[in-house]
Amino acid sequence: MGYDTGVIRPEMRDADVRLRAGGASSADLRRMKKGLLALHTLELMAVNIYRCQIARHPSALNRALIAAMCNEMTHLQDFQVKLYEYGWRPSPLRWVYGLAGSVLGLGSRLMGEKTALKMGVWVETKAVRHYSELLGRIAWDEETRSIIEKNQADEYGHVERWMAFLRGGE
């Protein structure tokens, strides 16, 4: 894909924010809204999974979890900005996804590092597939598509990182 997954927070400038509602058909807009709402709520879940997996002791895994959480927070912001640019709002039920993420994160952490890593691989693999589906069936504007592709590349990077930890690397 050609994205640098080592960049946790890509630069965003004031001029990058713009109103986007015009130009698309109502059917395309409905699909975009549904897709952005799904991405926003799922990224909230990912943020909370990583937040709850971070332990107090210093370790390479905790450092990687903090970086992953920060990256997922950036994705959450990306999709929240896009929702507002199109004139929409985040789901009022998003707290359910946040709670689910907290339960999955804390539960996997309590079951040990290996389970936490497997949870990360599972969640990120699902995210990669979800991103692919949404990229394939929605006619995104070029800037939004680029953000979605970058975020998908980040998710691939997370899978690779957790797999490396599972193999005993990192």
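Below, the structure is looked at part by part. Values in this document were obtained by computation on a predicted structure and should not be read as measured data.

So, about the packing of aromatic side chains. The description of an aromatic ring pair uses the distance of the two centres, along with the angle that the planes make with each other. Taken as a whole and judged by the stated rule, the model has 4 aromatic pairs. Plain terms: the ring middles of Tyr 86 and Trp 88 are 5.0 Å apart, the flat faces sit at 10° to each other, and that makes the pair stacked. Overall, the relative accessible area of 6% leaves Tyr 86 in the buried class. Between Trp 162 and Phe 165, the aromatic rings sit 6.1 Å apart at their centres with planes inclined by 40°, giving tilted as the arrangement. One end of the pair is Trp 162 and the other is Phe 165, both in helix α5 (residues 142–166) and 3 residues apart, which spans about a single turn.

Moving on to the packing of helix α2 (residues 60–85) against helix α4 (residues 113–137). Two elements in contact, α2 and α4, have axes separated by 13 Å at closest approach and are oriented at 25°. By the criterion of interaxial angle, the relationship of α2 to α4 is roughly parallel. The crossing of α2 and α4 is left-handed. Within the contact between the two elements, α2 uses Leu 61, Glu 72, His 75 and Phe 79 and α4 uses Glu 113, Leu 117, Glu 124 and Tyr 131.

Criteria and thresholds
Residues numbered from 1 in each chain as written. Predicted model: local features only at pLDDT ≥ 70, side-chain atom pairs only at ≥ 80, totals over all residues. Heavy atoms only, no water. Phe/Tyr/Trp six-rings, centres within 6.5 Å; stacked < 30°, edge-to-face > 60°. Buried < 20%, exposed > 50% of the residue type's maximum accessible area, 1.4 Å probe, protein only. Helix = DSSP H or I, 4+ residues; strand = E, 2+ residues; numbered from the N terminus. Axes fitted to C-alpha atoms, helices over the stretch in contact; angles between N-to-C directions. Parallel < 35°, antiparallel > 145°, perpendicular 65-115°, else oblique. Left-handed = near helix turned anticlockwise from the far one by under 90°. Contact = heavy atoms within 4.5 Å.

Geometric descriptors of this kind do not, in isolation, establish any biological role.
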